[in-house]
Amino acid sequence: MKAIKILERTLISIPIIFGVAIIVFLFMRLTPGDPVDIMMGGSGFVSAGEVEQLRSEFNLDKPLHIQLWLFLKGAVQGDLGYSYVQKVPVVDLIKDRLPATIELAVSALFFTLIIALPIGIMSAVWQNSLLDRLSMAGSFLGISMPGFWLGIILILFFSVRLHWLPVQGRINFDAHLDTRTGFFVLDSILTGNNQALISSLKHLILPGITLGAAAAAVVARVIRSSMLETLRSDYVVLARSKGVSERGVVLKHALRNALIPTVTVVGLQVGVLLGGNMIVETVFGWPGLGRMVVSAIFARDFPLVQGSVMVYAITFVMANLIVDILYTYLNPKITL
Amino acid sequence: MFSKKRFAISLVLLLGFVLSACGGATPTPSVQSNPTDVQATAPATEAPVSVEPQTIVVALAAAPQTLDPADHRDRTSETVIRDMFDGLVTRDNISGVHLELATDITWTDDTTLAITLREGVKFHDGSEMTADDVVFTFDRIIKENMIEYPEAHTSPRKGLIAPLVSIEKTGDYSVVMHFSAPFPTGMQMLVHQQILPKAYLESVGTEGFIAAPIGTGPFKFVSAQPGYTEIVMEKFADYYGGAPDLTPVGTACVDTAVFRVIPEASTRVAALLAGEVDIIQNVPAELVSTLEQVPGIQIKTTPGTSPIWMEMNVNQAPFDDVRVRQAFNYAIDKDLLVSAIYGGKAVVLPGALSPNNNFADQTLKPYAYDTVKALELLAEAGWKDSNADNMLDKNGANFSFTIDTEEKYRSISEAVANQLRAIGIDASVRIWDYAVVKPLLLNGERMAFLDAWGDSAFDPVGHMEAKWHGFLTGTSYGRGNFSGYNNPKVNELIIQGETTVDVAERHTIYDEAQQLIYADAPAIFLVLPDVVEAASARVLNWNPASDGRINLHDVCLEK
Amino acid sequence: MEIIPAVDSPIQRKVYLWRIRSKMLRRSTKEFFLELLRHPTALIGGIIVLLYIFAAIFAPQITSHDPSVGDLHDRLLAPAWEAGGSWKFPLGTDDQGRDLLTRIIFGARISLLVGGLSVSISVLVGGTLGALAGYYRGKFDSIISRFADLLLAFPFLIFALGVMAFIGPGINNLIMALIFKGWVEFFRLVRGEMMSEKTQEYVEAAKVTGLGNFAIIVKEILPNIVQSVFVLGTLRVGEMIIMEASLSFLGLGIPPHIPAWGSMVAAGRDLLLFAWWDSTLPGIALMILVLSVNLLGEGLRDILDPRLKTIA
């Protein structure tokens with residue numbers, strides 16, 4: 001039963017993704033700027049013959065709906081076209097940059113949880129204490145702070161002033177990492193390169209905190225409030241009266257129930273992560289997908305923008321789907 | 001049940017451990033590199049060779065576009081390429097041309113060049129360079145559609161040696177080049193073409209070549225990150241030594257060279273201060289005085305070859321009136337720009353050519369800073385403040401325009417806009433991606449564009465016909481002409497200068513052209529910044545080059 | 001609370017219940033403000049927001065420098081409390097010699113304008129569409145709902161970036177870009193509430209008294225929905241302000257001489273090493289404004305709808 005429901009939900013996501021592709025395509029095509037001009041932008045001059053040749057190579061001389069059809073057909077087969085500016089297949093560019101963004105997202109998620117969980121739990125358990133008030137104030141600050149500013153402040157203190165952490169990039173050159181998967185942390189472990197491991201972890205700290213901070217603020221509050229609710233609920237009172245230790249009450253009962261809204265919120269934060277990573281990647285010079293999209297938009301590199309936005313949209317839709325699915329497992333009362 | 005709390009606590013502990021393990025250490029450049037598979041070479045070079053392998057890291061301000069010497073028009077690409085590829089001739093740090101792969105180059109007549117090649121030069125794959133490679137290299141540049149990847153197109157560098165008609169082999173180590181007309185800047189232009197290995201390129205194709213380039217330069221390619229954000233090369237043990245004129249001659253001093261791209265200037269500087277890189281390009285001028293006081297850092301400047309101006313669209317109001325354009329030249333305090341934005345490391349442009357250019361008209365003086373005169377001229381053109389709102393207007397509309405520019409010229413563009421606003425002109429700045437705005441400019445759709453156009457050959461050729469000649473589609477004339485300026489007399493002079501060999505005659509021709517352009521003022525002639533680079537004190541034998549190239553051949557790292 | 005009088009017909013009963021319910025949910029404006037004043041954090045937030053609005057409106061009167069034009073001779077001066085600073089430029093100057101304090105104050109105009117306008121118009125557009133879709137249902141509803149779902153799949157920033165690239169730079173376009181995606185949330189909220197309110201008894205009662213559909217929507221249902229919309233709106237204002245700053249930070253289109261906090265932070269980034277104030281101080285101004293807006297919003301939520309306390 002559940003499996004069918006899951007399948008249904010997954011199938012519904014597909015038209016959405018196609019819709020996204022169409023919107024992006026239209027946007028890019030209707031944006032002022034001749035793609036051929038852009039492709040030739042860097043070089044000295046080109047002959048008229050070459051211009052025509054390029055136009056037909058990239059199907060730019062065909063009517064709009066044919067171009068759309070060709071794009072969609074290619075996309076389904078995994079061919080997202082050629083980048084105008086870098087002259088290589090879009091999928092290659094995305095594949096190269098994706099691990100960096102994923103590593104950053106994982107790092108951010110890690111910091112989100114590591115900040116939010118203890119704070120949320122402790123604030124709920126010791127409600128209205130100084131800790132509670134401080135952390136609620138802190139979480140307010142977290143959602144009010146623009147990510148780009150937080151990043152810059154962190155760089156100012158931890159890199160420029162204290163020299164504790166690196167200013168930008170993913171890894172120091174002299175770590176000589178032999179990249180296999182593109183996930184530097186994984187690669188350093190696989191190749192037993194300690195220096196690379198430490199270097200890549202160090203580089204993940206400031207960007208991870210910056211990206212995870214805003215989400216942490218939200219998640220902490222959600223954990224706190226849902227735990228507060230459960231801690232006051234009847235069956236917890238019952239458990240306490242039965243003699244279950246306070247710790248048992250907190251961890252076993254309250255926390256488990258707090259997981260539900262937590263999972264929801266974390267899932268929703270995926271959207272924030274996806275959007276925020278562009279800013280964080282720009283601030284920290286992180287060679288990921290976000291930074292590539294920003295410069296591709298400025299450079300009117302249509303195929304690259306199309307492909308990247310599709311990747312983002314797919315990720316977003318899938319994340320929501322996973323959250324919904326997890327939801328049903330956590331709370332059987334809620335059906336898809 | 002899985003204890004979330006314990007999990008969290010242990011993660012915190014782990015994090016603390018990791019941080020403490022590296023937190024206290026001051027970041028010193030750890031110069032270790034993996035043992036390279038450099039064959040044990042015959043030593044006996046003049047450069048000091050240290051026992052432990054050394055790596056030098058250079059921070060570039062932008063990423064190279066490609067590693068194919070024939071497929072770009074970009075200084076950064078050329079910088080990286082010229083450490084792996086040599087040419088027939090090379091340039092020293094200023095403007096002198098020296099023999100490199102050629103042992104002799106002579107004009108046998110006005111349009112024929114005989115070249116004798118150096119023998120015993122090896123490509124990185126061990127094969128020897130011969131006349132076949134030289135012929136192949138130049139054929140690939142000048143013939144149509146010779147570069148087949150990603151789709152067949154002509155080399156964008158063809159325009160740099162436009163008069164070259166054909167090249168033929170006259171012996172295993174000699175070639176002859178035929179030109180369509182006298183080519184006075186031939187030597188300077190040949191500096192910008194590097195020799196490629198025919199056999200290798202033909203066997204792997206352009207795509208394979210870009211993935212693993214092979215040249216005759218002091219360094220050989222090891223690896224590159226996608227988008228060329230990082231390029232690694234290692235010393236080529238069988239390097240023939242390099243240009244005999246430019247000592248030291250021999251293999252490279254360091255074992256490995258890495259080029260990293262760090263677009264943000266402050267990050268570049270921070271990386272240098274932290275010891276993460278050894279040399280950085282494009283030091284922002286405001287940092288020069290601060291950096292000069294940091295022990296362990298050296299800063300060097302050299303006259304630059306990228307003059308900056310703000311071109312105005314001369315075919316549209318309000319800039320179709322020469323008085324307005326001249327007024328703008330009087331309105332800008334260029335000395336202030338030099339001292340404030342470039343920290344004094346720049347010179348004011350007297351006119352169309354950089355003052356260091358071999359054919360600059362030395363009698364031309366920069367437009368003076370005279371706001372009174374500027375307002376007079378504007379008033380003559382009809383622009384007055386008729387409604388006392390401190391803004392100039394005409395026929396009821398304020399003088400309002402946008403300065404288009406690229407991100408790298410943001411500071412100076414804003415300063416120019418600022419000074420114009422101070423005299424009542426509503427100027428604002430808009431940042432573009434060059435490739436996006438260029439077609440609009442050539443189409444005459446924009447009003448003003450602030451940018452630089454290089455003359456690394458120190459000769460008007462390569463510069464004037466691109467910038468000040470009228471735009472002719474399908475040719476290289478006017479390819480950088482964003483003002484739409486098209487003065488038939490100037491066009492004539494430019495073309496004449498290209499093929500005149502007599503130096504005195506060229507002076508006359510170019511003097512006249514410069515004076516005409518000065519009077520017509522299609523642009524505000526702004527400044528010529530110096531090349532400012534910085535390096536750690538451990539870097540020896542290093543000097544910035546006027547053309548922006550970072551030549552690592554002779555650079556050493558103190559042990 | 002009124003005692004329900006005995007009534008003869010079920011219809012009259014319904015009408016009475018409807019009257020009671022409407023009265024209970026609506027507070028008088030006066031009561032509302034009194035509650036607000038008693039709420040400390042909301043009060044502080046509100047006062048600060050008012051201060052910002054005041055500063056934004058009277059910016060030319062309270063500052064002595066020109067926000068767009070500076071003198072290069074005064075370039076990159078330190079704030080007054082640092083070595084090399086002076087009280088002529090209390091917070092220092094930027095790289096064009098413009099007074100930072102003046103620019104920060106003028107920057108409030110853009111942030112408040114963009115934040116306020118984009119949310120208000122999003123509410124209007126989204127709310128109207130949502131009300132119509134939720135009430136009338138049918139084809140209109142499905143088309144717009146599908147479209148809304150589609151838009152939701154885009155991360156906000158990417159969408160805004162793309163729109164700005166399409167329509168070009170400028171403040172108006174920035175606001176449009178924000179509205180383009182911002183309306184979706186309000187659409188869904190109003191639509192959902194409309195659909196559930198529609199089934200309530202008082203709506204039936206109103207129909208019985210002969211009110212037309214349109215009047216029902218406007219006079220009866222909307223006032224009940226207004227509160228949750230208001231609450232969501234206050235949540236979003238802070239976010240929109242940050243979005244605008246982020247877009248300016250990425251270099252979108254507001255000309256550099258016009259003071260906007262985001263672009264000021266971006267411009268100062270290159271100078272962090274030795275002129276930290278350019279990047280840091282505008283960010284602080286931004287943070288304080290958003291913080292105050294959020295505090296105010298939180299307070300409003302507490303007062304209007306304690307139900308929502310559990311949702312961040």
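Residues numbered from 1 in each chain as written. Chains lettered and ligands numbered in written order. Predicted model: local features only at pLDDT ≥ 70, side-chain atom pairs only at ≥ 80, totals over all residues.

Draft legend 1. Representation of the overall build of chain B in the model. Along the backbone of chain B there are 15 helices and 23 strands. Computed over the C-alpha atoms, the radius of gyration of chain B is 26 Å, within 12% of the 24 Å expected from 2.2 N^0.38 for a compact globule of 559 residues. Overall, the C-alpha framework of chain B stretches about 80 × 80 × 45 Å when taken along its three principal axes. Per-residue burial for chain B yields a buried fraction of 55% across its 559 residues. A separation of at least 24 residues holds for 70% of the contacts in chain B among residues at least 6 apart in sequence. (Helix = DSSP H or I, 4+ residues; strand = E, 2+ residues; numbered from the N terminus. Rg over C-alpha atoms; globule rule 2.2 N^0.38 Å. Buried ≥ 20, exposed ≤ 12 C-beta atoms within 10 Å, placed from the backbone. Contact = placed C-beta atoms within 7 Å.)

Draft legend 2. Structural detail: the overall build of chain A. Within chain A one finds 13 helices and zero strands. Counted from the first residue to the last, chain A has its helices and strands arranged as α-α-α-α-α-α-α-α-α-α-α-α-α. Looking at the 336 residues of chain A, the share that counts as buried comes to 48%. At a minimum sequence separation of 6, the contacts of chain A that also span at least 24 residues come to 71%.

Draft legend 3. Structural context of the pairing of strand β6 (residues 164-171) of chain B. Bridging between β6(B) and strand β7 (residues 174-179) of chain B involves six bridges; their strand directions are antiparallel. Residue L164(B) lies in a different strand from β7(B), and its bridge partner there is F179(B). (Pairing = 2+ DSSP bridges.)

Draft legend 4. Expanded view of the interface of chain B and chain C. Facing the 23 residues of chain B at the interface are 19 residues of chain C. Residue assignment for the side of chain B that touches chain C shows that the elements contributing at least two residues are α6 (265-273), α9 (334-341), α11 (410-422) and β18 (426-432) of chain B. With eight residues, the top contributor of residues to the side of chain B that touches chain C is α11(B). When grouped by side-chain class, the residues that make up the side of chain B that touches chain C number twelve nonpolar, five polar and six charged. (Nonpolar A, V, L, I, M, F, W, Y, C, P; charged D, E, K, R; others polar.)

Draft legend 5. Local environment of the nonpolar core. Of all hydrophobic cores here, the largest spans 336 residues; its most connected members are V219(A), V58(B), M310(B), L526(B), V527(B) and A160(C). In terms of residues, this core owes the most to one element, helix α5 (residues 90-125) of chain A, which gives 18 residues. Setting aside anything within four residues of it in sequence, one finds V527(B) in contact with I308(B), K334(B), L337(B), V338(B), Y342(B), A346(B), V347(B), V348(B) and L349(B). Membership of the second largest hydrophobic core comes to eight residues, among which are F184(A), V185(A), L201(A) and L204(A). (Core = buried A, V, L, I, M, F, W, Y, C linked by C-beta atoms within 7 Å.)

Draft legend 6. Just unusual backbone geometry, in detail. Residue and element names in this part refer to chain B. Between A317 and P318 the backbone carries a cis peptide bond, its omega angle lying at -5°. Tracing the sequence through the fold places P318 in the loop between β13 (308-312) and α8 (322-331). Phi is positive for A521, close to 45°, though the residue is something other than glycine. Along the chain, the position of A521 falls in the loop between α15 (503-520) and β20 (523-529).

Draft legend 7. Quick peek at helix α12 (residues 434-442) of chain B. Listing the buried residues of α12(B) in full gives A435(B), V436(B), V437(B), K438(B) and L441(B). One or two steps after α12(B), the chain reaches G444(B), where phi turns positive at roughly 75°.

Draft legend 8. Structural view of the sheet that holds strand β4 (residues 102-109) of chain B. Residues and elements named next belong to chain B. Here four strands make up an open sheet; going across it, the order is β4-β5-β7-β6 and the pairing antiparallel. Each edge of the open sheet is held by one strand with a lone partner, namely β4 and β6. On average, each strand axis in the sheet is inclined to that of its neighbour by 20°, with strand direction left out of account. Both β4 and strand β5 (residues 112-117) contribute to a ladder of six bridges, which runs antiparallel. Note that in β5 the partner of W107 across the bridge is L113. In the packing of helix α3 (residues 131-142) onto the sheet, the strands contacted are β5, β6 and β7, and the crossing angle to β6 comes to about 170°. (Axes fitted to C-alpha atoms, helices over the stretch in contact; angles between N-to-C directions.)

Draft legend 9. View of the sheet that holds strand β11 (residues 279-280) of chain B. Residues and elements named next belong to chain B. On the basis of which strands lie adjacent, the open sheet formed by seven strands has the order β8-β9-β10-β1-β11-β21-β12 and mixed pairing. Edge positions in the sheet fall to β8 (219-224) and β12 (297-302), since each has one partner strand and no second. As defined by bridge partners, β8 adjoins strand β9 (residues 230-235) across five bridges and the pair is classed as antiparallel. Residue pairing across strands places A224 opposite I231, the latter belonging to β9.

Draft legend 10. Representation of the packing of helix α6 (residues 130-144) of chain A against helix α9 (residues 194-232) of chain A in the model. Residue and element names in this part refer to chain A. Where α6 meets α9, the closest approach of the two axes is 8 Å, and the angle between their N-to-C directions is 140°. Overall, the two elements α6 and α9 adopt an arrangement that is oblique. In the packing of α6 onto α9, the handedness of the crossing is left-handed. Contacts from S135, S139, G142 and I143 in α6 reach A213, A214, A216, A217, V218, A220 and R221 in α9. (Parallel < 35°, antiparallel > 145°, perpendicular 65-115°, else oblique. Left-handed = near helix turned anticlockwise from the far one by under 90°.)

Draft legend 11. Representation of helix α5 (residues 100-136) of chain C in the model. Residue and element names in this part refer to chain C. Compared with the 54 Å implied by 1.5 Å per residue over 37 residues, the 53 Å span of α5 between its first and last C-alpha is a close match. Within α5, 27 of the 37 residues are buried, which leaves it mostly tucked inside the rest of the structure. In the segment just after α5, R137 is the residue with positive phi, at about 55°. (Expected span 1.5 Å × (residues − 1).)

Draft legend 12. Spatial organisation of the confidence of the model for chain A. Across chain A, the average pLDDT comes to 77, with 82% of residues at or above 70. Taken element by element, chain A is modelled with least confidence in helix α2 (residues 35-40) of chain A, mean pLDDT 65, and with most confidence in α5(A), mean pLDDT 86. (pLDDT = per-residue confidence, 0-100.)

Draft legend 13. The confidence of the model for chain B, seen in detail. Residues and elements named next belong to chain B. Here chain B shows a mean pLDDT of 84. Residues at 70 or above account for 91%. In this model, residues 1-50 is a region of pLDDT below 50 whose contacts with residues beyond four sequence positions or in other chains number 65 contacts. Scored as a complex, the prediction yields pTM 0.79 and ipTM 0.79.

Draft legend 14. Quick peek at the environment of T499(B). Within the secondary structure, T499(B) is located in helix α14 (residues 488-499). In this view, T499(B) contacts A181(B) and P182(B); residues no more than four positions away in its chain are not counted.

Draft legend 15. Representation of the environment of P53(B). As for its position among the elements, P53(B) is in the loop between α1 (4-23) and β1 (55-60). Through-space distance from the C-alpha of P53(B) to that of D172(B) is 37 Å; in sequence the pair is 119 residues apart.

Draft legend 16. Fine view of the packing of α5(C) against helix α8 (residues 171-198) of chain C. Residue and element names in this part refer to chain C. Relative to each other, α5 and α8 sit at 35°, their axes nearing to 5 Å. The crossing of α5 and α8 is right-handed. Classifying every residue of the contact of α5 with α8 gives 24 nonpolar, eight polar and four charged.

Draft legend 17. How the structure looks around the pairing of β20(B). Residues and elements named next belong to chain B. Most of β20 sits out of view: seven of its seven residues are buried. Bridge count between strand β14 (residues 346-348) and β20: three bridges; the pairing is antiparallel. Bridge pairing links V347 to L528 in β20.

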